[in-house]
Amino acid sequence: VQLQASGGGLVQAGGSLRLSCTASGTSFSSRYMAWFRQAPGKERTFVASIARFGLATSYADSVKGRFAISINNAKNAVYLQMNTLNPEDTAFYYCAAGSPVYSARYSSSMYGYWGQGTQVTVSS
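Cut-offs and rules
- Residues numbered from 1 in each chain as written.
- Predicted model: local features only at pLDDT ≥ 70, side-chain atom pairs only at ≥ 80, totals over all residues.
- Heavy atoms only, no water.
- Helix = DSSP H or I, 4+ residues; strand = E, 2+ residues; numbered from the N terminus.
- Contact = heavy atoms within 4.5 Å.
- Buried < 20%, exposed > 50% of the residue type's maximum accessible area, 1.4 Å probe, protein only.
- Pairing = 2+ DSSP bridges.
- Core = buried A, V, L, I, M, F, W, Y, C linked by side-chain atoms within 4.5 Å.

Caption draft 1: Highlighting the environment of Ala68. The topology assignment puts Ala68 in strand β7 (residues 67–72). Counting along the chain gives 37 residues from Ala68 to Arg105, while the straight-line C-alpha distance between them is 16 Å. Beyond its immediate stretch of four places on either side in the chain, Ala68 contacts Tyr59, Tyr79, Leu80 and Gln81.

Below, the structure is given as structure tokens:
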């Protein structure tokens, strides 16, 4: 399974971006898709996840109400709509796929497949 992320870029504070991630390959059976982000010099942190079947979503507190994760199972694609961006959202954003137990869906170590990352830069 390969994940390909796109949609990053430079945006002013208060602006919006939409990230996309498409999975390819056979036997794509992961139960969750997620977005993580990593700022320079910091650890990779959870942003949002969505169950591929059932569509339950989870968000980091820092993005609740501003970001929305969605999925198109027919296309094996996951999206992250990011609104009201602020400079603290600047990071590399990575999509991931995996089958963690529900309580571990926030942990990057529970995801076995990763995209290459896309840079999001928010200027003040």
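Caption draft 2: Summary view of the pairing of strand β8 (residues 77–82). Of all six residues making up β8, five are buried, and the element is well covered by its neighbours. Here strand β3 (residues 17–24) pairs with β8 via six bridges, running antiparallel. Counted as the bridge partner of Thr22 is Ala77 from β8. Across six bridges, the pairing between β7 and β8 is antiparallel. In the strand pairing of β8, Asn72 is matched with Ala77. Between the end of β7 and the start of β8, which pair antiparallel, lie four residues, with Asn76 showing a positive phi angle near 50°.

Caption draft 3: View of the nonpolar core. Ranked by internal contacts, the top residues of the largest apolar core, which has 37 residues, are Trp35, Leu80, Met82 and Tyr93. For this core, the secondary structure elements donating two or more residues are β1 (2–6), β3, β4 (32–38), β5 (45–51), β7, β8, β9 (91–98) and β11 (118–123). In this structure Tyr93 touches Leu19, Trp35, Phe36, Arg37, Val47, Phe67, Leu80, Met82, Gly117, Thr118 and Val120, once residues within four positions along its chain are discounted.

Read these as layout, nothing more, since geometry by itself doesn't imply function.
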